[in-house]
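# Analysis of the macromolecular model
So you can see what is in the structure, the chains are spelled out below.
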Amino acid sequence: MPTQVPHCSARKRGSLLITWLLGQLLAGDALAAEKISLQLRWLHQFQFAGYYMAQEKGFYRQAGLDVEIRQGGPGIPKPIDTLLAGQVDFAVANSGVVIARMSGKPIVALAAIMQSSPIVWIVKADSDIYTPQDLIGKRAMLMPAPESTELLITLAREGVDAEQIQIEPTSFNPQDLIDGKTDAYSGYSSNEPFWLKQRNVDYRLINPREYGVNYYNDVLTTREAVLKERPEQVEAFVQASLAGWQYALENIEESVQVIHTRYASNKSIEHLRFEAQELKKLIMPDFIQIGHMNPGRWETIARNYAELGLMKDPIKLDGFIYSRKQPTDNRLLYQVMAGALLALLILAGVALRFAHLTRRLRQEIRLRSQAEAELLNSNLQLETLANTDLLTGQLTRRKFEEVADRELKRAERYGFPLSLVFMDIDHFKWVNDQHGHEVGDLVLSTLALRVKSQLRESESLCRWGGEEFIILMPHVGLEQACAIAEKLRAMLVAQPLVEQIRTTASFGVAQWQPGQDLSALMNYADKMLYRAKQLGRNRVEFYPLAGGLPN
């Protein structure tokens, strides 16, 4: 995961902004303490901490709201179905809410709590499953769509047909993975890994984010009718809920104790702490305002659903994304009017009052400008996260394909050489088996840094999957590409990536030929990599060979 740059001042300003907004709500006409209800997606746990803390710290009560928080779980209707039936006023759902909206359901997305989804495939560390392609012919548990869409989209992007996998409905019991009843279990990175660690079961995650699939999750929603009939109440509920989330993430230990005592006594304190820390990485409060939603990301998510046939084009999101309103400060208006009246009597008082209001207005303009700038910066950071492999910091497959297609077109147009190198760590499974997946991850991240340090700025490094990397070299012919690959091979032999663990790599090199597409170029390099493995590993093989390409 990329190093997080601290944004303490931004977080403090965010806290002050939410507190100020709540203060304005309370200073105005009091909202009727009508009873409203919130339907959660699952059983009580830290996943819904913000709503619990808004309740426990009195944020809802202070906003004139009497909120009933309803637990979800097995046997309970889906939150969206409950919401559409009018049984609740608000619901927490996954990004599949956009499917309901595109099918004509009056759903409005109010805030996305998780900027990235926790859903992953979990496999045992002693299995031979490292990438989505390794799932072919294996048994995999899957939650029904749209809950499982991130995993299905990942398969599609990796060229794996879901029919090639023995997909089974999830049992919601990770013990099945331990008992060998399934090869891959779909779960949450914030939940099942703790359960497995407690039982001393080593595991490995196949995370859609590492393959460029990055969805919102735990989206707070309501019906259009509720928003239309009670806009002030909706705004008050959203603001109070986000204040609760900010409090929960800034006071994790207190929130864990409250949730364990009042909501989820069946979960241990340690489990709730683990969940809190993992979810904080997905909510990313240090990077972006809690609840933020980007229309562009929603459009991408909707198109992915359309690719799976879960919805149809065209994508129309008008009215789907809630536009949060800033409450009007009526007191400021009254003060200005009073100042105007006093101007007739006391000129000095008017001047003083005007100066005071001017300072306040300038300060507010400055704060709003800063907030807009931070939001823009957060969007740029999100785009970087979506295009960057979290473990190694290098390009994802999706971003690499974009870069490679662009370079191929340039090579075709201007006739300059272009080469591609496939690199694979030798006996990487042995590293994971002997030293654990954490050391394996360290080997991958260290290798990426060392290789990248030897490349030119114009050359791209991509983690293709598992222990495989690809290097794209514009303006580089076959001979020079082979020399660079040999230099990298020798570098790995000379110095261990991790202390006392010597690692080698095999390389396949191919030069682009006019008229060739990316798939064909990669196929040649991949065959050369396979040849290097067959000939004993720790070597560089290249195409064209004398006599042509081997079978």
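Residues numbered from 1 in each chain as written. Predicted model: local features only at pLDDT ≥ 70, side-chain atom pairs only at ≥ 80, totals over all residues. Heavy atoms only, no water.

### Focus on the overall build of the protein
- Counting its secondary structure elements, the protein contains 20 helices and 15 strands.
- Across the 551 residues in the protein, those meeting the buried criterion constitute 50%.
- A fraction of 78% describes how many contacts in the protein between residues 6 or more apart in sequence connect residues 24 or more apart.
- Element-wise, carbon and sulfur atoms account for 52% of the exposed surface of the protein, whose accessible area totals about 25,900 Å². (Helix = DSSP H or I, 4+ residues; strand = E, 2+ residues; numbered from the N terminus. Buried < 20%, exposed > 50% of the residue type's maximum accessible area, 1.4 Å probe, protein only. Contact = heavy atoms within 4.5 Å. Areas by Shrake-Rupley, 256 points an atom, 1.4 Å probe, with all protein chains shown as cover.)

### With respect to the nonpolar core
- With 49 residues, the main nonpolar core has Leu38, Phe46, Tyr51 and Phe237 as its most contacted residues.
- No other element matches helix α10 (residues 231-250), which puts 10 residues into this core.
- Non-local contacts of Leu38, meaning those with residues more than four positions away in its chain, are made with Tyr51, Val67, Glu68, Ile69, Arg70, Phe90, Ala91, Val92, Leu220 and Phe237.
- Formed by 31 residues, the second largest nonpolar core is a distinct cluster that contains Phe428, Val431, Val443 and Ile501. (Core = buried A, V, L, I, M, F, W, Y, C linked by side-chain atoms within 4.5 Å.)

### Observations concerning unusual backbone geometry
- The backbone of Asp218 shows a phi angle near 50°, a positive value even though the residue is not glycine.
- Positioned with a positive phi, Arg537 is a non-glycine residue whose angle comes to about 70°.
- Along the chain, Arg537 falls in the loop between α20 (518-534) and β15 (540-543).
- Since its relative accessible area comes to 33%, Arg537 is described here as partly exposed.

### Points about the sheet that holds strand β12 (residues 460-465)
- Strand order across the open sheet formed by five strands is β12-β13-β11-β14-β15, with mixed pairing between neighbours. At either margin of the open sheet sits one strand with a lone partner, and together these are β12 and β15. Taking the axes of each pair of neighbouring strands and ignoring which way they run, one obtains an average angle of 20° across the sheet.
- Each of β11 (418-425), β13 (468-474), β14 (505-511) and β15 touches helix α19 (residues 478-494); the most contacted strand, β14, lies at about 170° to it. (Pairing = 2+ DSSP bridges. Axes fitted to C-alpha atoms, helices over the stretch in contact; angles between N-to-C directions.)

### Let's talk about the sheet that holds strand β5 (residues 119-124)
- Strand order across the open sheet formed by three strands is β8-β5-β9, with antiparallel pairing between neighbours. In this open sheet, the two edge strands, each paired with only one partner strand, are β8 (185-188) and β9 (203-206). Each neighbouring strand pair of the sheet contributes to a mean axis angle of 45°, computed without reference to strand direction.
- In this structure, β5 lies alongside β9, joined through four bridges in antiparallel fashion. Bridging across to β9, Lys124 finds its partner in Tyr203.
- Contacts from helix α6 (residues 149-157) reach β5 and β8, with the element oriented near 70° to β5.

### Remarks on the packing of aromatic side chains
- Scanning all chains against the criterion turns up 12 aromatic pairs.
- With a centroid separation of 4.1 Å and 25° between ring planes, the pair formed by Phe90 and Phe237 is classed as stacked. Within this pair, whereas Phe90 is found in strand β3 (residues 90-93), its partner Phe237 is found in helix α10, the two being separated by 147 residues in sequence.
- The interplanar angle of 80° and the centroid separation of 6.1 Å between the aromatic rings of Phe400 and Trp464 together place this pair among those described as edge-to-face. Placement of Phe400 in helix α16 (residues 397-414) and of Trp464 in strand β12 is noted, with a sequence separation of 64 residues between them.
- Of the residues examined, Phe400 reaches a relative accessible area of 0% and is grouped as buried. (Phe/Tyr/Trp six-rings, centres within 6.5 Å; stacked < 30°, edge-to-face > 60°.)

### Thoughts on the pairing of strand β10 (residues 217-223)
- In terms of burial, β10 is largely enclosed, as seven of its seven residues are buried.
- Bridging between strand β4 (residues 107-114) and β10 involves six bridges; their strand directions are antiparallel. Following the sheet pairing, Ala112 is matched in β10 by Val219.

### Points about the confidence of the model for the protein
- Overall, the prediction assigns the protein a mean pLDDT of 84, with 82% of residues at 70 or greater.
- Note that pLDDT drops below 50 for residues 326-330; the model gives that stretch seven contacts with residues more than four away or on any other chain.
- Within the model, the stretch residues 546-551 combines pLDDT values under 50 with nine contacts to residues more than four positions away or in other chains. (pLDDT = per-residue confidence, 0-100.)

### Focus on helix α13 (residues 295-307)
- Compared with the 18 Å implied by 1.5 Å per residue over 13 residues, the 19 Å span of α13 between its first and last C-alpha is a close match.
- Directly after α13, the chain includes Gly309, whose backbone phi takes a positive value near 80°. (Expected span 1.5 Å × (residues − 1).)

### Here's the deal with helix α18 (residues 437-453)
- Here α18 is 17 residues long and its end C-alpha atoms lie 24 Å apart, about the 24 Å a rise of 1.5 Å per residue gives.
- The set of residues buried in α18 consists of Gly440, Val443, Leu444, Ser445, Thr446, Leu447, Ala448, Arg450 and Val451.
- As for α18, its buried residues are in contact with β11, α17 (428-435), β12, β13 and α19.

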